[in-house]
Structures are given as C-alpha cells and as structure tokens.
Amino acid sequence: MPKIKVALIGVGNCAASFIQGIQYYSKPNASQLGLRNPVLAGYTPKDIEIVAAFDIDSRKVGLDLSEAIFAKPNNAPKVCDVPNLGVKVAKGPLLDGVGESTQALIEISKVSDVNVAETLIASQAEIAINLLPSGASDAARFYALQSIAAGCAFINATPNFIASDPVLSQQFKDANLPLAGDDLVDQIGSTALHKTLLKLLSDSGVHINETYQLDVGGGTESIDTMERTRDTKRNIKTEAVAAALTYKTEIVAGSTDYVDFLQNKRDSYFWISGTYFCNTPLKIDLKFQMVDAPNAGSVLFDVVRAIKIARDKSQKGAVNAVCAYGFKHPPKRLAIEETEAEFAKFVA
Ligand SMILES: NC(=O)c1ccc[n+]([C@@H]2O[C@H](COP(=O)([O-])OP(=O)(O)OC[C@H]3O[C@@H](n4cnc5c(N)ncnc54)[C@H](O)[C@@H]3O)[C@@H](O)[C@H]2O)c1
C-alpha cells in the first residue's frame, strides 16, 4: 500500500501515544491486540508515516519527533523506543495555544515561526491532524486554513468546531479536501460507556431519572478542560449522552478536575439513578480507570486511514460517516447502531 503522509499539529500526549503505536504495531510479527481494525481497506498502522510536526514548547521544537514525544510536560506512558524519524518539530505560531492555567507547565520557544502551509507542502503531507490543547480555538482555525492552503485533508481531534462549522466545512469542500471532526471519540471512553449503559437500561424499560459522569485527570489537557473548555466539553458530552435516550432527563457529563500525580491517567465516575417495575428504584455507582493518550490511538488509526480513502475517492468537506464514527461532535449525529454500519459501508 502507498504510505499515508501525515502532519501532526501539537506534539503532546496524544501524539506521543500515536507515534509509539505506529512503532509498536509495525514490528515484524507484532500482535495486533488492542486495535479495533488491524487492517482497514488494505491499510495497516505501518502504512502511516509522519512527515511533519508543529509545536511551540522549547523542549520539543527543533528535536526529532522520536525525542520530542518524550519531552516534558508530556506524561503519556512509554511503551517502546522510537527510532529517529527524520522529522524535526517545527515552531508553529503560538496564537491562543497556551491558556492562563497551562502557562506554568509550558516553556514557549523563542525560535521564529515557520510558514505552516509551506512546511506542509514541502513535507508532502496529505492529512494534518489537529492535536492542540482544547482551548486553542484560534490556533485550530489557523491550522485548518493553512491545511487548506497546503492542499491537506484535516482531522480535528479537539473539541473546537471545525467540521461542524458550516463556513469552514464549505471552505474544505470548495478546496476539494475531506475533513473530519470534532472532538475525537476514545476507543473505550467515558462518553461511549455512559451512552451504552443508558441505552441498555432504557431498552430494558428502566426510566432514568438522573445521571452524571465526572472525570479527574493528570495530563496538561485536563487543566485546559477544567478552565478554558469546561463549558464546551460539558455541552458536547452531555449532548452526546442525551442522544442515547428517547426522552429528556437530568444529565450532566464532562466536568473535569486536575490531579497532577495521576500523570496521564483518568478516573471517570458514573452515577445513574432510575426506576423500573412498579417504580422500584435502581442505582449504579461506578468508577472507570484508564490512561488518556493511548485511548485515542486506535480511533486515530481508523480515522486517518478512512480520510486517506476519502481523499482517494475525491470526497470533499466533512465526511459524515467518518465524523459520526470517530467524533463526539460530528456535523450530523447518527444513532449508535447506524454509526458502525455507515463507517463499515464507507471504508468498504
Ligand atoms: N484520549 C485523548 O487523549 C483524547 C480524546 C479526545 C480528544 N482529545 C483531544 O486531543 C487534543 C490533544 O490532547 P493531548 O492530551 O495530546 O494534549 P497536550 O496538552 O498533551 O498536547 C498539546 C500540544 O500542543 C502544543 N501546542 C500548544 N499550542 C500550540 C500551537 N499554537 N502550535 C503548535 N503546537 C501547540 C503543546 O505544546 C502540546 O505539546 C486535545 O484537544 C484533546 O481534547 C484527546
């Protein structure tokens, strides 16, 4: 298969797990356990090649990606060594990349900014993945427009509205480029678990009266989610969870707090209160523990390969089947069971 040439915007924890994942699953005779789709339309993770990367932290800019992914403040677990990739992290424009709450953790590089579109063109990147902090909404728009200028498809893993912004989506359409977003779904995330539990209960005739799902995490992103994007995240998650029920009820999902010693781990707390036969009460009180960054890897592998297919099929603008499968805030939401079927149909 031809290589899928990818540029990474932001070399944080997600990027660290994604790049290690490519190494991990590309070793000869590597077990493919942990992947939802070891092969997708003929492509394996080994076919993904990182050709460019942008960041603003002085501990990452100028380094080869193989070293930059292990630089502070990244704290995603190291699962394998990564050989020199021959890709130096370029200094992108800062814009709103660092918020008040995260500035103590980030060391801003004094190196001059590169021209992002020119760097993308020179690297021959076909797809750019936005892995900026969730609060970097101006930067997300900037990189989306630079990707259009460079003829790159765009994947927006952040909760900023790019694919679900009709104006930006139209700009990708006009440029004959596919687009996917917004806010990547985890491989096994708290939103999916919450939706599945509610659907299971509701399909069994239980009436849900109240439910919440709250997170505690230790990655830099948890600080941003706590302050700059608290409301956006809460709205996206609550809306996604509410779509699992056919009636309105009290739902809160997505508020986060930061506990530094958790490192890249995330604890998700679920509370569900409902009633079943003859108004009998039922309660579920659950804690789910996982590590954040590796949870994005498998879905990113799928979405990258699907967007490569979209490029090859000359699809333009937001690709609904991919957005609904891989993102919490797609431009068009599908029912859980339709999501899988539409994605399978698309990649077939
Ligand atoms: N499981 C997951 O981790 C998951 C799931 C869904 C969505 N996401 C989203 O993915 C994004 C990345 O998450 P993360 O944990 O890797 O975050 P992170 O904070 O670890 O990484 C962000 C990186 O962006 C860099 N950056 C900041 N401003 C920049 C700029 N202007 N130009 C270039 N680089 C810049 C930072 O220095 C940092 O290296 C977040 O928006 C998050 O919401 C992650």
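None of these values were measured; they are calculated from a predicted model. (Residues numbered from 1 in each chain as written. Predicted model: local features only at pLDDT ≥ 70, side-chain atom pairs only at ≥ 80, totals over all residues.)

1. Quick word on the overall build of the chain
And then number 1: The number of helices and strands found in the chain is 11 helices and 11 strands.
And then number 2: A globule of 348 residues ought to have a C-alpha radius of gyration of about 20 Å, and the chain, at 20 Å, matches this closely.
And then number 3: Taken along its principal axes, the extent of the C-alpha atoms in the chain is 65 × 45 × 45 Å.
And then number 4: Taken over 348 residues, the chain has a buried fraction of 50%. (Helix = DSSP H or I, 4+ residues; strand = E, 2+ residues; numbered from the N terminus. Rg over C-alpha atoms; globule rule 2.2 N^0.38 Å. Buried ≥ 20, exposed ≤ 12 C-beta atoms within 10 Å, placed from the backbone.)

2. Some thoughts on the domain arrangement of the chain
Note on interface size: it is often stated as the accessible area lost on association of the parts.
And then number 1: Looking at the chain, the domain boundaries give domain 1 (4-185 + 294-347) and domain 2 (190-291).
And then number 2: For domain 1 versus domain 2, the distance between C-alpha centres works out to 26 Å.
And then number 3: Each side of the interface is counted separately: domain 1 has 22 residues, and domain 2 has 23 residues.
And then number 4: Among the residues making up the side of domain 1 that touches domain 2, the classes are represented as nine nonpolar, 10 polar and three charged. (Domains from an automatic or database assignment. Contact = placed C-beta atoms within 7 Å. Nonpolar A, V, L, I, M, F, W, Y, C, P; charged D, E, K, R; others polar.)

3. A look at the pairing of strand E2 (residues 48-55)
And then number 1: Of all eight residues that make up E2, seven are buried, and the element is covered over most of its length.
And then number 2: Pairing between strand E1 (residues 4-9) and E2: six bridges, direction parallel. Looking across to E2, one finds that Leu8 is bridged to Ala53.
And then number 3: For the handedness criterion, the β-α-β arrangement of E1, helix H1 (residues 13-26) and E2 is classed as right-handed.
And then number 4: Sheet topology places E2 next to strand E3 (residues 89-91); three bridges connect them, and they run parallel. Paired with Asp55 across the two strands is Lys91, which belongs to E3. (Pairing = 2+ DSSP bridges. Right-handed = clockwise from strand over helix to strand, strands pointing away.)

4. So, the nonpolar core
And then number 1: Of all hydrophobic cores here, the largest spans 81 residues; its most connected members are Val6, Ala7, Ala53, Ile127, Ala180 and Val322.
And then number 2: The element that contributes the greatest number of residues to this core is helix H9 (residues 294-312), accounting for 10 residues.
And then number 3: Beyond its immediate stretch of four places on either side in the chain, Val6 contacts Ile48, Glu49, Ile50, Val51, Ala125, Ile127, Ile129 and Val304.
And then number 4: Within the second largest apolar cluster, 10 residues are counted, among which are Ile236, Ala244, Ile251 and Ala253. (Core = buried A, V, L, I, M, F, W, Y, C linked by C-beta atoms within 7 Å.)

5. So, the site of the ligand
And then number 1: In the vicinity of the ligand there are 37 residues, among which Gly10, Gly12, Cys14, Gly97 and Thr158 approach most closely.
And then number 2: Of all the elements in the fold, those that place two or more residues in the shell around the ligand are H1, E2, helix H7 (220-226) and H9.
And then number 3: With three residues, H1 is the largest single contributor of residues to the shell around the ligand.
And then number 4: Residues of the shell around the ligand, tallied by class, amount to 21 nonpolar, 10 polar and six charged.
And then number 5: When residues of the shell around the ligand are assigned to domains, at least three map to each of domain 1 (4-185 + 294-347) and domain 2 (190-291). (Near = placed C-beta within 6 Å.)

6. Considering the packing of helix H6 (residues 190-203) against helix H8 (residues 230-242)
And then number 1: Following both chains from N to C, one finds H6 and H8 inclined at 30°, their axes separated by 9 Å at the closest point. On the basis of their axis angle, the class for H6 and H8 is roughly parallel. When the axes of H6 and H8 are compared, the crossing they make is right-handed. Across the interface between the two elements, Thr191, His194, Lys195 and Leu198 from H6 touch Lys237, Ala240 and Val241 from H8.
And then number 2: In terms of residue class, the contact of H6 with H8 is made up of three nonpolar, two polar and two charged. (Axes fitted to C-alpha atoms, helices over the stretch in contact; angles between N-to-C directions. Parallel < 35°, antiparallel > 145°, perpendicular 65-115°, else oblique. Left-handed = near helix turned anticlockwise from the far one by under 90°.)

7. Things to note about the sheet that holds strand E11 (residues 317-318)
And then number 1: In space, the seven strands of this open sheet follow the order E3-E2-E1-E4-E5-E6-E11, with parallel pairing throughout. Two strands close off the open sheet at either side, each with one partner strand: E3 and E11.

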